[in-house]
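One letter stands for each residue in the lines below.
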Amino acid sequence: MESGVVRLDDRLQTEIESAADLLLKGGVVAFPTETVYGLGADATNPQAVQKIYEIKRRPANHPLILHIGDMDRLGDWAQDIPEPAWKLAKHCWPGPLTLILKKNPRVPDCVTGGQDTVGIRIPAHPVALALLKALGPGKAVAAPSANLYGKISPTTAEHVRVALKDKVDAILDGGACDVGLESTIIGFDLEVVAVLRPGGIPVSEIEAILDGPVRLMQKHEPAVRVSGSLPSHYAPTTPLRLLARAEFADAALRLAGQGFRIGIVTWSDVDSLEMDASLMRHIRHISMPSEPVQYGRKLYAALHQCDQLGLDYILIEATPQKPAWLAISDRLQRASHAHL
Ligand code: TXA
Ligand code: MG
């Protein structure tokens, strides 16, 4: 399915309704959100939630995000919600923002990995919203990204099929994800608002909404458990190196000269990297947008593509050190960590 505006035609609506039935019967369904595809189960059914951990091979103490359809029902899942959380929810939902809140006792422990907080968001994708609506009020979908633990998140239904096809009860196809990077995760520890994971909503927007600075969780800080905050995460199978612009052409030349099959992912104009034209014939080149929102939308698809090409190395041109690129450089650093 093409990306862009998703129309819920009759066929898709029927698929959504049967997916909701599967969820209510304890099944596991992959579904599109505006950020990445999620792997969902009925959050009130611990056996169903357990299946998500098994399918992803995810450690049991890594909590899942609750997806809800209606802000008026936030109190069903969380309690003692601080004022800044309400402000952010009102501005950003439906949208790529996850709030870590004190959990309502009815949220099963398996959803929260035994913690007393719960991550919640209202996704903006029409298919996700229709699925939540079809489930009915009082329900929520617990869902991590629909990839194997530690791997790149899927941004198309095809990415989900490649990784998890035989393991899920249904895959809803809502086209390519519009944001392409996971939600921004915000925590409220001791009244301090902290960005636990940069993502779809820029930090500048969070600060504008709250009318003040927020704290950026440093990578080495032992935060509340956020699996995406482990140093090596969101990684493609192909070894990935992140290189500064000045090192880029030399490294590509050296590896290609040694007979390695390499992919290069650039955002600046390749000519200006002074890559030899004859060399370029031996290299798979993926040219990315030079604007961060567009770049973010395409990043995971580019990494999935490199994996499917069976390359020896992926070289990625380091992205600008600017706030608008924060979520992207965070993911690239984690993706390259295992191969440094
Ligand atoms: O955009 C997204 O957030 C996507 C879509 C599917 O909604 N979901 C996603 O889920 O990225 P996942 O599981 O791949 O990452 C969710 C992150 C994890 O790193 C998890 O540890 C963190 O949210 N998280 C969930 N509940 C938490 C809690 N109570 N405290 C701290 N971190 C939490
Ligand atoms: Mg994930």
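As a starting point, this report considers the structure included with it.

What counts, and where the lines are drawn
- Residues numbered from 1 in each chain as written.
- Chains lettered and ligands numbered in written order.
- Predicted model: local features only at pLDDT ≥ 70, side-chain atom pairs only at ≥ 80, totals over all residues.
- Heavy atoms only, no water.
- Buried < 20%, exposed > 50% of the residue type's maximum accessible area, 1.4 Å probe, protein only.
- Helix = DSSP H or I, 4+ residues; strand = E, 2+ residues; numbered from the N terminus.
- Contact = heavy atoms within 4.5 Å.
- Pairing = 2+ DSSP bridges.
- Phe/Tyr/Trp six-rings, centres within 6.5 Å; stacked < 30°, edge-to-face > 60°.
- Lys NZ or Arg CZ within 6 Å of the ring centre and 35° of its normal.
- Polar contact = N/O pair within 3.5 Å; in protein donor to acceptor, adjacent residues only side chain to side chain.
- Axes fitted to C-alpha atoms, helices over the stretch in contact; angles between N-to-C directions.
- Parallel < 35°, antiparallel > 145°, perpendicular 65-115°, else oblique.
- Left-handed = near helix turned anticlockwise from the far one by under 90°.

**Remarks on helix 5 (residues 126-135)**
- Within the sequence span of helix 5, burial applies to V127, A128, A130, L131, L132 and L135.
- Each element contacted by the buried residues of helix 5 is listed here: helix 1 (10-24), strand 1 (29-31), strand 3 (65-67) and strand 7 (141-143).
- Positioned one or two residues after helix 5, G136 has a phi angle of 95 degrees, which is positive.

**Thoughts on the pairing of strand 2 (residues 38-42)**
- Counted residue by residue, strand 2 has 5 buried out of 5 residues, so it is predominantly covered.
- The hairpin turn running from strand 1 into strand 2, its antiparallel successor, is 6 residues long.
- Inspection of the sheet shows strand 2 paired to strand 7 by 2 bridges, in the antiparallel sense. The residue bridging A41 from the neighbouring strand is A142, located in strand 7.

**Comments concerning the environment of T117**
- Locating T117 in the fold gives a position in strand 6 (residues 117-121).
- Given a relative accessible area of 24%, T117 falls into the partly exposed group.
- When the C-alpha atoms of T117 and Q79 are compared, they prove to be 9.5 Å apart, with 38 residues separating the residues in sequence.
- With near-sequence residues (within four places) excluded, T117 lies in contact with I100, L101, K102, K103 and T112.

**Focus on the packing of aromatic side chains**
- Taken as a whole, this structure holds 3 aromatic pairs when the rule is applied.
- Taking the centre distance of 6.0 Å and the plane angle of 50 degrees together, the rings of W267 and W325 count as tilted. In this pair, W267 is assigned in the loop between strand 13 (262-266) and helix 9 (277-280) and W325 in the loop between strand 15 (313-317) and helix 11 (326-337), connecting sequence segments 58 residues apart.
- Ring centres of Y295 and W325 lie 5.2 Å apart, and the angle between their planes is 65 degrees; on these two criteria the pair is classed as edge-to-face. Linking Y295 in helix 10 (residues 292-308) with W325 in the loop between strand 15 and helix 11, this pair joins segments that are 30 residues apart in sequence. For the pair Y295 and W325, a shared accessibility class is recorded, and that class is buried.
- An aromatic cluster of three or more residues is present, and its members are W267, Y295 and W325.
- Its end group placed over the ring of W77, R106 keeps NZ or CZ at 4.3 Å from the ring centre.

**A few points about the side chain of S268**
- Secondary-structure assignment places S268 in the loop between strand 13 and helix 9.
- Only 2.6 Å separates the side chain of S268 from the side chain of R245, close enough to count as a polar contact.
- There is a polar contact of 2.7 Å between the side chain of S268 and the side chain of E317.

**Points about the packing of helix 3 (residues 83-92) against helix 7 (residues 203-210)**
- It is the contact of helix 3 with helix 7, at a shortest axis distance of 10 Å, that shows an interaxial angle of 120 degrees. Classed by the angle they form, the pair helix 3 and helix 7 counts as oblique. Note that helix 3 runs across helix 7; the crossing there is right-handed. Here P84, K87, L88, H91 and C92 of helix 3 come into contact with helix 7, specifically with I206, I209 and L210.

**Brief notes about the environment of R121**
- Structurally, R121 can be placed in strand 6.
- In this structure R121 comes out as buried when scored by relative accessible area, which is 2%.
- C-alpha of R121 to C-alpha of E247: the two residues are 126 residues apart in sequence and 40 Å apart in space.
- Side-chain polar atoms of R121 contact the side chain of T33, separated by 3.0 Å.

Honestly, it's all geometry; don't read function into it.
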